[in-house]
Amino acid sequence: MIFVKMNPDDKKEDDASIALTFSENMSEQFKEEMIMLDVGDHISFNATLVGLGDRSHLHHLHTFGIKKVEGSAHVNLHVHNNARYKNYKIKETHDN
């Protein structure tokens, strides 16, 4: 799942407004693109609306394509201690 802050946004808060979800197949297909993303990166994506959110709930979209585009912005992390959402940075190691 990737949390997205829209620009312009329909919320006044500085939190995410969209939750992008991926099927197992799409996760595998776009794994490299997702690994390269950092918090605040601008992205382009193709998705289908699953659920429309409101001021208290995220819009839910099921994603079929994603890519990083030029630009970045400040975004608050959507992380809760002792909850299911955590901030993990994936580190890759390469043997030379």
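For the structure, check the block above.
Scope of this entry: the structure provided in the associated data block. (Residues numbered from 1 in each chain as written. Predicted model: local features only at pLDDT ≥ 70, side-chain atom pairs only at ≥ 80, totals over all residues. Heavy atoms only, no water.)

1. Concerning the overall build of the protein
Consideration 1: A count of helical and extended segments in the protein gives two helices and four strands.
Consideration 2: Secondary structure of the protein in N-to-C order comes out as β-β-α-α-β-β.
Consideration 3: Burial status across the protein gives 22% buried among its 96 residues.
Consideration 4: Accessible surface, the protein as shown: approximately 7300 Å² in total, 50% of it carbon and sulfur. (Helix = DSSP H or I, 4+ residues; strand = E, 2+ residues; numbered from the N terminus. Buried < 20%, exposed > 50% of the residue type's maximum accessible area, 1.4 Å probe, protein only. Areas by Shrake-Rupley, 256 points an atom, 1.4 Å probe, with all protein chains shown as cover.)

2. Quick look at the nonpolar core
Nonpolar side chains in soluble globular proteins tend to end up buried together.
Consideration 1: Listed in full, the 10 residues of the largest apolar core are Ile-2, Val-4, Ile-18, Leu-20, Phe-22, Met-26, Phe-30, Leu-37, Leu-61 and Ile-66.
Consideration 2: Elements represented by at least two residues in this core include exactly strand E1 (2-4), strand E2 (18-21) and strand E4 (59-72).
Consideration 3: Excluding residues within four positions of it along the chain, Met-26 makes contact with Thr-63 and Phe-64. (Core = buried A, V, L, I, M, F, W, Y, C linked by side-chain atoms within 4.5 Å. Contact = heavy atoms within 4.5 Å.)

3. Observations regarding the pattern of salt bridges
Consideration 1: Here the structure, examined in full by the defined rule, presents two salt bridges.
Consideration 2: Across the pair Glu-28 and Lys-31 runs a salt bridge, and its minimum N-O distance is 3.7 Å.
Consideration 3: Of the charged contacts in the structure, one is a salt bridge between Asp-41 and Lys-68, with a shortest N-O distance of 3.3 Å. Of this pair, Asp-41 sits in strand E3 (residues 41-51) while Lys-68 sits in strand E4, placing them 27 residues apart in sequence. (Salt bridge = Lys/Arg side-chain N within 4 Å of Asp/Glu carboxyl O.)

4. Points about the sheet that holds E1
Consideration 1: Strands sit in the order E1-E2-E4-E3 across an open sheet of four strands; the sheet is mixed. What marks the edges here is a single partner per strand, and that holds for E1 and E3. Between one strand axis and the next, the sheet turns by 40° as a mean value, whatever way the strands run.
Consideration 2: Two strands pair when backbone bridges link them, and E2 and E4 are joined in this way by four bridges, in the parallel orientation. (Pairing = 2+ DSSP bridges. Axes fitted to C-alpha atoms, helices over the stretch in contact; angles between N-to-C directions.)

5. Thoughts on the side chain of Thr-63
Consideration 1: Looking at the secondary structure, you find Thr-63 in strand E4.
Consideration 2: With sequence-adjacent residues up to four places away left out, Thr-63 is seen in contact with Leu-20, Thr-21, Phe-22, Met-26, Phe-45, Asn-46 and Ala-47.

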